[in-house]
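This is what each chain is made of:
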Amino acid sequence: MRKKTVIFIFTIILIITGIYFYKDKILDVLPIYNSSRLRENAYAEKIDPGAIIEVKTGNIKKTVSTSGYIKPENEAYLSFATTGTTGGTVERIFSQRGELVERGQQLVKLEDKQEHLNYLKAKNDYELAKITGSPSQIEEAKLTMEVALDKYESKTLKAPFSGKIVDIFIEEGDFIEGSSDVVYIIDDSSYEVKVSVSEVDCLSVAVGQKVEIELDILKGQKFTGTVAEVAEYAKIESGVVTVPVTLLIDEVSHYFKPGFSATAEIIIDSAEDVMIIPITAISQTDSDIVVLKVEQNQILPTPVKVGISDSFYQEVTAGLNTGDKIIVNNYQRNNPPQNSRNPLGGIPMPRIRP
């Protein structure tokens, strides 16, 4: 019994002695839990110069990405239903595809001999009533003439606004119904993009926000715009909830055509002349956002406070100064290869939880 007691005491002494002499190395292999321990744990391993960058200032934008198709702000598929006629035979087409027309300009005319005849008769009756008729007869003749004139004019389709004739769907001699599309006209002086954003992102999108738009057919050329409308409703497609948003393009290119696909970045926040670093330089501990700062050839885990991010760069509001040097790829530093070893028997270096 006495011998076992001596062995036990001796073992305890050895453990205490080992802890005393190797306490720093033991701390190095333990997880880093708070910012105070971060400062005490400086990596002294060899630093790759290519992994070091200098903290600089710049501009950063937080955006919501979306896509859609461009269309004229004002467009119309015209039919004779808008004039009130039920249809007829196409007598004459006054315009052609690609032509610029003015508001009120004649586009297409249907055969109107009967309507013209009825109008002339009503007009003559009105003129006669003004000479020989009573006041009520004059009023009746006038109304009859106006109705006949409306029917006569309904046989001619006119441009509802100034714009370009994009397409014509009929030919002279065709018999058409009043509801049939005849002409597609656009106002090509103003274009918009119809897009959808997720139900989460829509909380950040508001009318008046600036937008950067790029057309797939014009890669590398960006067009500015603004959010013109955020719908008051959501729609569900394949189980995904989105909110329709309309973006108005500030400047129109002569290359624009209705239906071109476009991508857009809605700028929901921005900052100018602020400290920015790559997001790969950042990792997350239990309580802090951390970068690896380089000082005197040592790597110091340093807590920072951050602002907005554009998914590539992160604004830093506190914890660093312009000119500080940091490790650009914090992920690799915090996830060392399996053969990374420390002096205490081959245990990997401690890593900050990403």
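In what follows, the structure referred to is the one given above.
Description of the structure in this document.

### What to know about the overall build of the protein chain
Scanning the protein chain from N- to C-terminus turns up 5 helices and 19 strands. When the 354 residues of the protein chain are sorted by exposure, 36% land in the buried category. Taking all contacts inside the protein chain whose residues are at least 6 apart in sequence as the whole, residues at least 24 apart take part in 73%. Carbon and sulfur atoms make up 52% of the accessible area of the protein chain, which amounts to about 21,500 Å² in all.

### Some remarks on the packing of aromatic side chains
Throughout the structure, instances matching the rule amount to 5 aromatic pairs. Between tyrosine 77 and phenylalanine 169 the ring centres are 6.2 Å apart and the planes differ by 20°, which places this aromatic pair in the stacked class. Highlighted residues: tyrosine 77 in strand S2 (residues 56-78) and phenylalanine 169 in the loop between strand S7 (163-168) and strand S8 (175-177), separated in sequence by 92 residues. On the accessibility criterion, tyrosine 77 (47% relative accessible area) is partly exposed.

### A few points about the side chain of aspartate 288
Take aspartate 288: it is sitting in the loop between strand S15 (283-284) and strand S16 (289-295). It turns out aspartate 288 is buried and unbridged, and the closest side chain with the opposite charge, lysine 305, is 8.8 Å from it. Here the side chain of aspartate 288 touches serine 287 through a polar contact of 3.3 Å, side chain to side chain.

### Section: the sheet that holds strand S5 (residues 106-110)
Paired through backbone hydrogen bonds, the strands of a sheet run either parallel or antiparallel to each other. Taken together, the 4 strands give an open sheet; going across it, the order is S6-S5-S3-S8, and neighbouring strands pair in antiparallel fashion. This sheet does not close on itself; its edge strands, each paired only once, are strand S6 (156-158) and S8. Across the sheet, the mean angle from the axis of one strand to that of its neighbour is 40°, orientation sign disregarded. As judged from the 3 bridges shared by strand S3 (residues 87-93) and S8, these two strands associate in the antiparallel manner. Looking across to S8, one finds that glycine 88 is bridged to isoleucine 176.

### Things to note about a negative patch on the surface
Taken together, the side chains of Glu139, Glu146, Asp150 and Glu153 define an acidic patch exposed on the protein surface. When its relative accessible area of 42% is taken as the criterion, glutamate 139 is described as partly exposed.

### Points about the pattern of salt bridges
With the rule as written, the count across this model stands at 16 salt bridges. Note that lysine 164 and aspartate 188 form a salt bridge whose closest N and O atoms lie 3.6 Å from each other. Placement of the pair is lysine 164 in strand S7 and aspartate 188 in strand S9 (residues 183-198), with a sequence separation of 24 residues. Close ionic contact of aspartate 216 with lysine 219 constitutes a salt bridge, the shortest N to O distance being 3.8 Å. Several salt bridges share partner residues, and in doing so they unite Lys71, Glu75, Glu192 and Lys194 into one network.

### With respect to the pairing of strand S14 (residues 261-278)
Direction of pairing for S2 relative to S14: antiparallel, over a ladder of 13 bridges. Bridged to tyrosine 69 within S14 is serine 261.

Rules of the game
- Residues numbered from 1 in each chain as written.
- Predicted model: local features only at pLDDT ≥ 70, side-chain atom pairs only at ≥ 80, totals over all residues.
- Heavy atoms only, no water.
- Helix = DSSP H or I, 4+ residues; strand = E, 2+ residues; numbered from the N terminus.
- Buried < 20%, exposed > 50% of the residue type's maximum accessible area, 1.4 Å probe, protein only.
- Contact = heavy atoms within 4.5 Å.
- Areas by Shrake-Rupley, 256 points an atom, 1.4 Å probe, with all protein chains shown as cover.
- Phe/Tyr/Trp six-rings, centres within 6.5 Å; stacked < 30°, edge-to-face > 60°.
- Lys, Arg positive; Asp, Glu negative; His and termini not counted.
- Salt bridge = Lys/Arg side-chain N within 4 Å of Asp/Glu carboxyl O.
- Polar contact = N/O pair within 3.5 Å; in protein donor to acceptor, adjacent residues only side chain to side chain.
- Pairing = 2+ DSSP bridges.
- Axes fitted to C-alpha atoms, helices over the stretch in contact; angles between N-to-C directions.
- Patch = residues over 30% accessible without salt bridge, like charges linked within 9 Å, V, L, I, M, F, W, Y side chains within 5 Å.
- Charge placed at Lys NZ, Arg CZ, Asp CG, Glu CD.

By themselves, these observations are geometric and do not establish any function.
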